[in-house]
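Structural characterization, general
Here is how the chains run, residue by residue.
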Amino acid sequence: MSLPPRIDAKVVRESIGAYADKAATLDERNAIYRDLIGFVPPRIEARMAVTGALDPSLLNLQERMREHAMYPKCFDVKTAQLMLFGMLLMDMSDAAQLHAIAARRAGASWEEMQAVVSLCFLFRGLPAANRGAEILANVAKREADVAAA
């Protein structure tokens, strides 16, 4: 399972406009995703560039809401990311892969990852089991590639 292609940030700047959010720099916004996932996913990169140019107030609201919801005081990051992985896997969303990566970076074991896939299987069936196993295999490959680099 691959990620969508990266945007052409230069084309966005020239056609749509430059990032204009006064609440945080683009580097500050992107650092959150780099810390959590290890990179800025292409769709998030697009939202930062496009919404950050056209409606920076909305981008600030989106990021504040995301931070508030994604980091509740009652859950550690690993638990929240495992839950998000499972929720997105139930919907067969390709974003499940990003939260699987984040869960592993936050310390989730392969056993915990499989337990999430197994829970999804109970309510979503074999498609979730297949997609979950594919995601875990791809995360393992990504981790091996990073370790080898």
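Structural notes, computed from the coordinates.

Conventions we followed
- Residues numbered from 1 in each chain as written.
- Predicted model: local features only at pLDDT ≥ 70, side-chain atom pairs only at ≥ 80, totals over all residues.
- Heavy atoms only, no water.
- Core = buried A, V, L, I, M, F, W, Y, C linked by side-chain atoms within 4.5 Å.
- Buried < 20%, exposed > 50% of the residue type's maximum accessible area, 1.4 Å probe, protein only.
- Helix = DSSP H or I, 4+ residues; strand = E, 2+ residues; numbered from the N terminus.
- Contact = heavy atoms within 4.5 Å.
- Phe/Tyr/Trp six-rings, centres within 6.5 Å; stacked < 30°, edge-to-face > 60°.
- Lys NZ or Arg CZ within 6 Å of the ring centre and 35° of its normal.
- Salt bridge = Lys/Arg side-chain N within 4 Å of Asp/Glu carboxyl O.
- Disulfide = S-S within 2.5 Å.

Regarding the nonpolar core
Grouped together as the largest cluster of nonpolar side chains are 23 residues, with contacts concentrated most on Ile37, Phe85, Leu89, Met113 and Ile135. When contributions to this core are tallied by element, the ones reaching two or more residues are helix H2 (26-37), helix H5 (77-90), helix H6 (96-105), helix H7 (110-124) and helix H8 (126-148). A per-element tally of this core places H6 first, with six residues. For Leu89, the residues in contact, after removing those within four places along its chain, are Ala96, Val117, Cys120, Ala128, Arg131, Gly132 and Ile135. Ranked by size, the runner-up nonpolar core spans five residues in total, among them Val40, Ile44, Met48 and Leu59.

A word on the packing of aromatic side chains
Applying the stated criterion across every chain, the model contains zero aromatic pairs. Residue placement shows Arg104 over the ring face of Trp110; its charged tip is 3.8 Å from the ring centre.

Description of the pattern of salt bridges
For the structure shown, the criterion picks out nine salt bridges. Among the salt bridges present, the one from Arg43 reaches Asp94, with a minimum N-O distance of 2.8 Å. Of the two residues, Arg43 is situated in helix H3 (residues 42-54) and Asp94 in the loop between H5 and H6; the sequence distance between them amounts to 51 residues. The salt bridge involving Asp145 is made with Lys141; its shortest N-O contact spans 2.9 Å. Linking Asp145 with Lys141, this pair stays in helix H8, spanning four residues, or about one helical turn. Using a relative accessible area of 49% as the deciding quantity, one classes Lys141 as partly exposed.

Examining the state of the cysteines
The final tally for this structure, using the stated rule, is zero disulfides. Take Cys74: it sits in no disulfide, and the sulfur closest to it among the cysteines is that of Cys120, at 20 Å. Take Cys74: its relative accessible area is 64%, and that puts it in the exposed class.

Side note on H6
Among the ten residues of H6, nine are classified as buried, and the element is accordingly described as predominantly covered. All of the buried residues along H6 are Ala96, Gln97, Leu98, His99, Ala100, Ile101, Ala102, Ala103 and Arg104.

Here's the deal with unusual backbone geometry
Phi at Met92 takes a positive value of approximately 60°, unusual for a residue other than glycine. Within the fold, Met92 resides in the loop between H5 and H6. Residue classification places Met92 among the partly exposed residues on the basis of a relative accessible area of 21%.

Let's talk about the environment of Leu119
Residue placement: Leu119 occurs in helix H7. Looking at Leu119, the relative accessible area reads 54%, which means it is exposed.

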